[in-house]
Amino acid sequence: MTTTATFSRYADLPALIGLMGGDEKHDGASLSTTDVLWVLYDRVLDVTPATAEDPARDRFLLSKGHGPTSYYAVLAAKGFLGVPTLRGWAAFDSPLGHHPDRVLAPGVEIGSGSLGHGLPLALGSALGLRAQGIRKADGTEPRVVVLVGDGELDEGSNHEAIAAAGRLGADNLTAVVVDNASSEHGWPGGIGRRFEVEGWTLREVNGRDHAALEDAFTPARDGRPLVVVARIRNGN
Amino acid sequence: MRETFAATVNRVLDQDPRTALVLAVISNGMFRRSARKHPGRVIDLGIREQAMIGVAGGLALTGMRPIVHSYAPFLVERPFEQIKLDLGHQDVGAILVSIGASYDAAEAGRTHQSPGDVALLDTLPGWTVHVPGHPDEVRDMLEQAIPGDDRVYVRLSGTTNRAPLPVGPRLNVLRTGSPRSAGVVLAVGPMLDRTLEATADLDVTVAHTATVRPFDREGLSTLAAAAGNADVLLVEPYLRGTSAHEVSEALADRRHRQRSLGVARDTELRAYGTSAEHARAHGLDTEGIAKAARDFFLV
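Throughout what follows, the structure given in this document is the object of discussion. Starting from 1, residues in each chain are numbered consecutively following that chain's sequence as written. Chains and ligands are labelled by the order in which they are written, letters from A for the one and numbers from 1 for the other. A pLDDT threshold of at least 70 governs which residues receive local features in this predicted model, and a stricter bar of 80 or more applies before side-chain atom pairs are shown or counted, although totals over entire chains, interfaces and linings include all residues. Heavy atoms from the whole structure form the basis of all side-chain values; hydrogens and water molecules are not counted.

What about the packing of helix H4 (residues 34-44) of chain A against helix H5 (residues 69-77) of chain A?
Residue and element names in this part refer to chain A. Where H4 meets H5, the axes come as close as 9 Å, and the angle between the chain directions of the two elements is 25°. One element, H4, and the other, H5, form an angle in the roughly parallel class. By crossing handedness, the relation of H4 to H5 is classed as right-handed. Every residue of H5 that contacts H4 at Thr34, Leu37, Trp38 and Tyr41 is listed here: Ser70, Tyr71, Val74, Leu75 and Ala77. Class assignment of the residues belonging to the contact of H4 with H5 gives a composition of seven nonpolar, two polar and no charged. Fitted lines through C-alpha atoms serve as axes, helices being fitted only where they are in contact, and the angles separating the N-to-C directions of these axes extend from 0 to 180 degrees. Numbering of helices and strands runs from the N terminus, with a helix taken as a DSSP run of H or I at least four residues long and a strand as a DSSP run of E at least two residues long. For classification purposes, angles smaller than 35 degrees are called roughly parallel, those larger than 145 roughly antiparallel, those between 65 and 115 roughly perpendicular, and all remaining angles oblique. When the near helix sits turned anticlockwise from the far one by under a right angle, the crossing is termed left-handed; a clockwise turn instead gives a right-handed crossing. We call two residues in contact whenever any of their non-hydrogen atoms come within 4.5 Å of each other. Charged residues are taken to be Asp, Glu, Lys and Arg, nonpolar residues to be Ala, Val, Leu, Ile, Met, Phe, Trp, Tyr, Cys and Pro, and polar residues to be all remaining types, Gly included.

As structure tokens, this is what we get:
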């Protein structure tokens, strides 16, 4: 049995995360995204280590770049990262830091950590794929999925991108908002409403329910970008 | 320069499928034909300058060559963190093209002026900064930059020199002083004609560049070595002293004096009026440059 096979299951994620210590401040931020990340890489995204440079790959952009241990663990479980690499994380010569860097870490599409950058980058990527007419071998259009936090949505740059994506009909773009109610002043009426009024298709699910998440990520191809609000509650 | 920029970009949008133009309303009327012909590659985001840079970064991540345009304060200052992270940190490129220069929009007041744009970009690694002095140079710079993947800033101005000069990384020498000359005057972009006039009766070498980053340190060092004194007067159309550290590096191996002319750093000029009146207030008109040159070169 190879190392990769040993650490390739959902059940292995806690052990993989356990290899990275010393960022207790961001533990909550990381653990709230574990299930969403697993479902995306295990069931939704059409990207593997072999196709990581393919122009027609699906793209996943982690905008909420703080607390990336779940992200690194999923990338390791899926073979983008070597498992031993996790041990040295945040050391001077490690490609893995407390915020990911696309230039250093294999499989990482954007460098992130400063909030409010991923959604505009994702919109630009979606528009770029569309403008070039890029298609997969089966003729379908690659998609761009970006993960943002509910607290991160406080940043105004996200609202610029939410409005523009709706008007431009970027239906190859999916935003997943992990809602663990961490926004300082909250979002009256729910976060999804902010997207809906700008012309997005809204799906709200339990952020721990793998089958519900997989369904929610199914593209609608209705000319509208898709937002999946994944609710996470303490103890859930 | 703005018309030349629009004509050049409209043409390359027809010719090069890798190019995309990203706008935040400003100048969108100049690109209506291209927007109809290439709807996916002319992207007007509305008045959303942060998203404008982020979207450009995303386009570049998929292999496209984004050209991004607005007034300098909205293009560089408002989304500065996006420029740092969505382009530089992602290790992707774009061509940013500003209008307004330092005080071209004199009547509009401080909100539409950005004399600090080049100094601000100078805090980031990897940028090529062009300050054209003639519309033909704008066309040449864009044609050179578009096939690449790097980060380029082109700063359009309402002020132009009478004739275009070669575009490239090397200083252009317009006048060579004697072996006993007082030193070297370096004029940037649209400051050349008035600098030549202001120094006409001085024994100095006058050089010019429309590309300030990377800075031609070697070229300046050679000119200073050939002059009677290694004294350098820098005439820039934006924040005073923006390239002073480059002059210091270029002349680090020899005793020298240097003085910088440019837009005042220590005060905000609260005045409307015309671009020419602002130039005078900052000592950047011909008279002001002439007086500063005589003071500095001790004549």
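Next comes the rest of the description.
Overview of the interface of chain B and chain A
If you look at the interface, chain B gives 25 residues, while chain A gives 26 residues. Two parts placed together each lose some accessible area; with a 1.4 Å probe, that loss summed over both constitutes the buried area. For the chain B and chain A pair, buried surface summed over both sides reaches about 2000 Å², with 60% attributable to carbon and sulfur atoms. Among the residues chain B hides against chain A, the three largest losses belong to B:Arg48, B:Thr62 and B:Gln90. Together they make up 27% of the total. Every case where a carboxyl oxygen of Asp or Glu lies within 4 Å of a side-chain nitrogen of Lys or Arg is listed as a salt bridge. Linking chain B with chain A are zero salt bridges. For this analysis, a polar contact is any N or O atom pair within 3.5 Å, provided that within protein one partner can donate a hydrogen and the other can accept it, and provided that sequence-adjacent residues contribute only side-chain to side-chain pairs. Linking chain B with chain A are 11 residue pairs in polar contact (both at pLDDT 80 or more). Looking at the side of chain B that touches chain A, the elements that each hand over two or more residues are helix H3 (49-61) and helix H5 (80-89) of chain B. The greatest single-element share of the side of chain B that touches chain A, amounting to nine residues, is contributed by H3(B). When the residues that make up the side of chain B that touches chain A are grouped by side-chain class, the tally is nine nonpolar, 10 polar and six charged.

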